[in-house]
Structure formats: C-alpha cells, structure tokens
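Coordinate inspection notes
What follows is the residue order along each chain.
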Amino acid sequence: MSCGQPSIALLVPAFALTVACSQPSQSSAEANTPTNSAAVATQPTPEPNLAAGDESWVVSIRGIHGDCAPDADSCDKRYEARSDGSWLSHFEPHPLKRDGRPVTAQKQLPGGTLEALQRLVRTPKFDAEMSGGFACQGGKDGHDYSWRITLRSAAGERSQRVEYCISGPAENVNSPRELLRLLSE
C-alpha cells in the first residue's frame, strides 16, 4: 500500500492519512519506544532526596505532650538545626504554670555533632523514611503525645510523625531517636 491510493483516503480520515504518510518507517525497537509526549509525561519521576544534593537544609523535631505531668517544665519542645551548624531549642511553659515563660536557646553545633547530623539526614534510608514513613512507627495507635520530624530544603519539605520511634523500647535504635539525641545534647 502507498499513501497515494484512493481507497485509503475513503476509508481513513484525512488526519490519520496525513499522520500515517508523514512518518518515516521505524525499526521494531523504535516502534515500541513511546514517542508520544503524553506517554512520557505519565511515567512517575522519583522524588528528590531533600538533603543529599542541597547544601542548605533545616531539620526539626517537635514533641507535644497532651497529658503532661504536672511537675514538667514543658509540654511542647522543639529542636531545630541547619546545615550551617546553627541550632535552636524552644520550650513552651507548662500550661498550669502561672509564671511560666517560653524559653529559647541558640548556639552553634560542635563539629562532630554537625557531621553526625549531616550523615544522618543525607542518607537514602532517612530520605525514604521521610517520604514513606519510618519503619519503627508501627507501635500502638493511640498516644497522648506526638513527635514530628520536619526536613526542609530547596527541593521541598517533608514531615513525619514518629512518636512510637521515640517512645518504643529503649534498645530499638532508629533514626528519629538518634536525631533527637543529636539535637537535644
């Protein structure tokens, strides 16, 4: 068959005839490769590792205790570190303390702590768990407190709840517990 046969023009719409005639013949390998931009656009792209390629990032962990002990200083704690080594802690006073005031502290992380923190947040495992949830989070469902990790960089922001990772058995070593240890020293 050739594009000039009249029987094709009668059976096939002109648009299809034009498209069929204007394309060069392809090898079988090329014919199986999607050239349609819609087909290419529907393929999922992997999410970027938030901290791996970025020089600047911020990681924070916040603990809020709903059923807070009456003698506790704070029921709302937040620790934050940046890739430049700056560190911040913020404690809200216990709601029952009449003269309680928020306490904020700032400092530069020691070199060893910053290096350990960078190793932690830049690992593919930590990045995957920040996307899909931490494996250690599978404990009990109901908590009277919450712990949340947030990681921000130029590539975006992710956040995960991790209360059972931190409150689970003490012998369980996991990234959220290690992050809290590094940030609360």
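Residues numbered from 1 in each chain as written. Predicted model: local features only at pLDDT ≥ 70, side-chain atom pairs only at ≥ 80, totals over all residues. Heavy atoms only, no water.

Some remarks on the pairing of strand 1 (residues 57-65)
Here strand 1 pairs with strand 5 (residues 145-153) via nine bridges, running antiparallel. Bridge assignment links Arg-62 to a residue of strand 5, and that residue is Arg-148. Relative to strand 2 (residues 74-82), strand 1 is paired through seven bridges, and the arrangement is antiparallel. The residue of strand 2 that forms the bridge with Gly-63 is Lys-77. (Pairing = 2+ DSSP bridges. Helix = DSSP H or I, 4+ residues; strand = E, 2+ residues; numbered from the N terminus.)

Observations regarding the confidence of the model for the protein
Confidence in the prediction of the protein, expressed as mean pLDDT, is 75, and 68% of residues score 70 or more. Long-range and interchain partners of residues 1-48, a stretch whose pLDDT sits below 50, account for 16 contacts in this model, where long-range means more than four residues apart. (pLDDT = per-residue confidence, 0-100. Contact = heavy atoms within 4.5 Å.)

Some words on the side chain of Asp-76
Topologically, Asp-76 is positioned in strand 2. Looking at Asp-76, its side chain comes within polar contact range of the side chain of Arg-62, at 2.6 Å. Excluding residues that lie within four positions of it along the chain, Asp-76 makes contacts with Arg-62, Gly-63, Ile-64, His-90, Phe-91 and Glu-92. (Polar contact = N/O pair within 3.5 Å; in protein donor to acceptor, adjacent residues only side chain to side chain.)

Some remarks on helix 5 (residues 111-121)
Within the span of helix 5, buried status applies to Thr-113, Leu-114, Ala-116, Leu-117, Leu-120 and Val-121. On an axial view of helix 5, the arc spanned by its buried residues comes to 165°, and they lie on one face. Of the residues in helix 5, the exposed ones pointing more than 90 degrees away from the buried face are Gly-112, Glu-115 and Arg-119. (Buried < 20%, exposed > 50% of the residue type's maximum accessible area, 1.4 Å probe, protein only. Arc of directions from axis to C-beta.)

Observations regarding the pattern of salt bridges
If you walk through the whole model with that rule in mind, you get seven salt bridges. Close ionic contact of Asp-76 with Arg-62 constitutes a salt bridge, the shortest N to O distance being 2.6 Å. Here Asp-76, found in strand 2, pairs with Arg-62, found in strand 1; they are 14 residues apart in sequence, far enough to count as distant. With a relative accessible area of 37%, Arg-62 lands in the partly exposed category. Through salt bridges with shared partners, a single network forms among Arg-78, Glu-80 and Arg-82. (Salt bridge = Lys/Arg side-chain N within 4 Å of Asp/Glu carboxyl O.)

Considering the sheet that holds strand 6 (residues 156-161)
In spatial order, the strands read 4-3-2-1-5-6; together these six strands make up an open sheet with antiparallel pairing. What marks the edges here is a single partner per strand, and that holds for strand 4 (103-108) and strand 6. Strand-to-strand twist of the sheet, defined as the mean angle between neighbouring strand axes without regard to direction, takes the value 10°. Sheet analysis places strand 2 next to strand 3 (residues 86-93), joined by seven bridges and oriented antiparallel. Across the sheet, residue Ser-74 finds its bridge partner in strand 3, namely Pro-93. The strands that helix 6 (residues 124-132) touches are strand 5 and strand 6; relative to strand 6, the one it contacts most, it runs at about 75°. (Axes fitted to C-alpha atoms, helices over the stretch in contact; angles between N-to-C directions.)

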